[in-house]
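Coordinates in review
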Amino acid sequence: MNYLIPLMVVVPILAALIVNIFGGNDKTVKAISLVVAIAIPLIAIFAAVGVQYFGGHDPALIASLLPSNLVGTLAASYNTGIVYIFENIERIFIFLMGIVAFLAVLTYFAEKKKVSGPYLYLIFMGLASVTALMLSNDIFNMYVFFEITALTQVGIIVASSTEDNYEIAMKYMILGAIGGPMLLLGIGFILGTIGSVNINDIIYAISNNFVNPYSPSLVIGFALILFGWLYSAGLPPFHTIKSAVYSKARPNGSAILQGFSVLCMFAFGIAMYKIFAYIPYFNTAIILFAILAMVLSITMSAMEVDFRRMIAFLAVGELGFIALGFGIGTQYSIAAALFQATNEIVITALLFIGFGTVYYLTKTSDTRKLGGLIAVDSTMTIMVLLGGFALAGVPPFNGFQSKLMLVQAALDAGYTELAVLAIIVSVVIFFTFVKAFHTVYLQPKPKDLKFAHEKIPKATVFSVAILLIICLVLGIFPNIVTDIFITFAGGLI
Amino acid sequence: MALYQKFLDSIKGLKSNLSKDPTTMDNVSGALAAEFLIFISLILAALFLRHVSVIASVVVVILVAVLFFTNMPLASKIKSEQSDSLEKMTFYVIVTLGILVAVIYWGLKYV
């Protein structure tokens with residue numbers, strides 16, 4: 001029994017409750033938050049790969065106690081409780097999400113004198129939820145934790161005290177009231193057809209022809225779960241609200257929110273791939289939504305004048321690259337998608353926190369009112385520039401490696417047009433970023449530009465530097481993660 | 001040349017559709033990049049359909065080219081459709097749900 005696996009969920013939940021109770025005592029809250037935030041990635045590193053059966057229902061143990069008339073039946077193979085599976089791929093994602101959460105919390109403490117217990121509660125509860133979502137092998141359990149994640153996302157926007165944040169939070173909840181129930185309904189169809197919500201049980205029942213793979217209830221279940229996946233990831237038609245959500249949170253909150261979206265996309269994407277990859281045109285459907293996400297989001301970001309919204313659209317556009325890798329559906333492309341997901345968590349967090357310093361200094365994100373900010377902190381300026389290079393896929397950063405893998409995978413699979421599209425979209429991302437960077441940092445400072453703060457906190461510079469180092473390390477030594485991704489993708493196919 | 005002039009005129013009109021602010025290099029270049037990206041991606045997406053059906057792909061490529069040149073500029077139209085308006089967002093969410101369920105549920109019967 002590997003107790004560190006459930007602890008990855010239990011520790012942040014406990015931390016969320018404790019920081020909320022001690023909300024008025026800043027020192028205690030800060031100490032607890034920092035200790036827990038650094039503990040989560042450490043637990044992910046030290047936990048051994050394994051399976052956690054909740055409720056003591058190890059299937060092997062139960063099978064030995066079954067009556068003889070049940071042995072060999074479908075019911076005998078079913079898992080009767082929730083199962084968490086922890087492999088090296090989960091280790092990578094939980095570790096990186098933990099690092100991003102730690103740096104975001106550190107930045108929050110540096111930029112805000114009086115900390116908010118409820119805000120930290122939401123961050124830790126969201127972190128616990130996405131971790132559980134990653135670990136769970138049960139689609140209903142995944143749905144429950146996804147809904148908690150969605151609620152914490154709404155809470156983080158509401159607690160961010162930015163302009164129009166309440167309105168966007170309300171709109172996200174209303175659209176979530178369509179996306180969430182459809183996902184649940186899809187899961188309900190699967191449960192009604194197969195009698196289990198455990199992913200392994202569902203695959204076993206379908207692949208051994210215990211149910212008709214094309215039964216109307218399974219097919220409609222797939223359609224609804226695909227729709228729920230679009231909602232959870234923020235792919236079209238949910239890309240507009242998702243980008244609005246990112247842009248209305250505090251920059252450190254946005255860094256965490258985009259990480260949550262990537263992990264939700266990964267968890268449901270893998271589950272969907274495992275269960276429904278046999279359906280004709282499954283890959284085509286995913287590719288079409290990937291193209292839509294890339295083109296619509298990057299188009300919007302190119303025309304945007306609010307730099308927070310621009311980064312938000314770029315973040316959603318990058319999700320399209322992940323979906324593209326999943327859609328191509330080869331071992332190499334899925335590995336590339338996973339690498340792209342890893343990189344997006346880090347790079348977008350870097351840009352949200354790094355560009356967020358502009359908002360911290362000036363309290364505006366309108367590029368038409370900004371300029372000359374290189375004079376305030378040239379180190380931060382250079383780090384943001386390098387972060388933008390990583391996003392656009394410029395060597396030697398991680399974004400280059402993952403996008404190169406995607407393009408190679410598309411060419412190998414015979415999708416030349418998708419490879420060309422990926423390159424063109426990357427060029428427009430580069431153009432969009434450089435345009436915003438030039439406007440904010442390099443063009444002459446407007447005379448009427450006023451500063452709310454004179455300097456960028458050292459903790460924020462430290463956070464961006466750490467994220468940049470991760471980008472560089474993953475760019476120079478991609479094998480640290482790609483070997484694991486390629487092995488995982490091979491098993492998936 | 002007529003086609004080129006039409007394209008150029010549409011780009012000039014693009015900025016005024018986007019906002020009433022003074023035109024700058026930044027927003028014109030952004031709008032141009034967006035317009036080109038839409039056109040190229042539409043053509044490439046239509047070409048991608050060759051993996052489903054070559055005939056469908058040829059028909060869609062021709063349709064896309066004609067529709068693009070008769071409806072320029074698309075960037076401003078796409079921008080206005082992707083506003084933060086709850087009505088528009090809900091509309092596209094419901095339409096997508098309807099299309100997905102209809103295509104997957106009924107479409108698979110003919111595969």
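Here is what the cut-offs are and how they apply
Residues numbered from 1 in each chain as written. Chains lettered and ligands numbered in written order. Predicted model: local features only at pLDDT ≥ 70, side-chain atom pairs only at ≥ 80, totals over all residues. Helix = DSSP H or I, 4+ residues; strand = E, 2+ residues; numbered from the N terminus. Rg over C-alpha atoms; globule rule 2.2 N^0.38 Å. Buried ≥ 20, exposed ≤ 12 C-beta atoms within 10 Å, placed from the backbone. Contact = placed C-beta atoms within 7 Å. pLDDT = per-residue confidence, 0-100. Axes fitted to C-alpha atoms, helices over the stretch in contact; angles between N-to-C directions. Parallel < 35°, antiparallel > 145°, perpendicular 65-115°, else oblique. Left-handed = near helix turned anticlockwise from the far one by under 90°. Nonpolar A, V, L, I, M, F, W, Y, C, P; charged D, E, K, R; others polar. Core = buried A, V, L, I, M, F, W, Y, C linked by C-beta atoms within 7 Å.

Regarding the overall build of chain A
Looking only at helices and strands, one finds 20 helices and 2 strands in chain A. The C-alpha atoms of chain A give 22 Å as radius of gyration, which agrees with the globular expectation for 493 residues (23 Å, within 12%). Dimensions of chain A, computed from the C-alpha atoms along their principal axes, are close to 85 × 55 × 40 Å. Within chain A, buried positions represent 59% of all 493 residues. At a minimum sequence separation of 6, the contacts of chain A that also span at least 24 residues come to 81%.

Here we look at the confidence of the model for chain B
Residues and elements named next belong to chain B. Residues of chain B with pLDDT of at least 70 account for 76%, and the chain-wide mean is 82. Of all secondary-structure elements in chain B, the lowest mean pLDDT belongs to helix α1 (residues 2-18), at 62, while helix α5 (residues 86-107) reaches the highest, 92. In the predicted assembly, ipTM is 0.90 and pTM is 0.92.

Remarks on the environment of G98 of chain B
Mapped onto the fold, G98 of chain B is located in helix α5. C-alpha separation for the pair G98 of chain B and I38 of chain B, spaced 60 residues apart in sequence, amounts to 25 Å.

Structural notes on the interface of chain A and chain B
Contacts between chain A and chain B engage 39 residues on the former and 35 residues on the latter. Among the elements of the structure, α8 (165-194), α10 (216-233), α11 (239-248), α13 (282-302) and α18 (416-442) of chain A are those that each provide at least two residues to the side of chain A that touches chain B.

Brief notes about the packing of α10 of chain A against helix α12 (residues 251-276) of chain A
Residues and elements named next belong to chain A. Following both chains from N to C, one finds α10 and α12 inclined at 160°, their axes separated by 8 Å at the closest point. It follows that α10 is roughly antiparallel to α12 by the angle criterion. Once α10 is placed against α12, the crossing between them reads as left-handed. Contacts from F222, I225, L226, W229, S232 and A233 of α10 reach α12 at S261, C264, M265, F268, G269, M272 and F276. Residues belonging to the contact of α10 with α12 are distributed by class as follows: 10 nonpolar, 3 polar and no charged.

Describing the nonpolar core
All names here are of chain A. Within the largest apolar cluster, 209 residues are counted, with the highest numbers of intra-cluster contacts made by V100, A101, F124 and L263. In terms of residue count, helix α15 (residues 331-362) provides more of this core than any other element does, 20 residues in total. If sequence neighbours within four positions are ignored, A101 has contacts with A37, I40, I123, L127 and I256.

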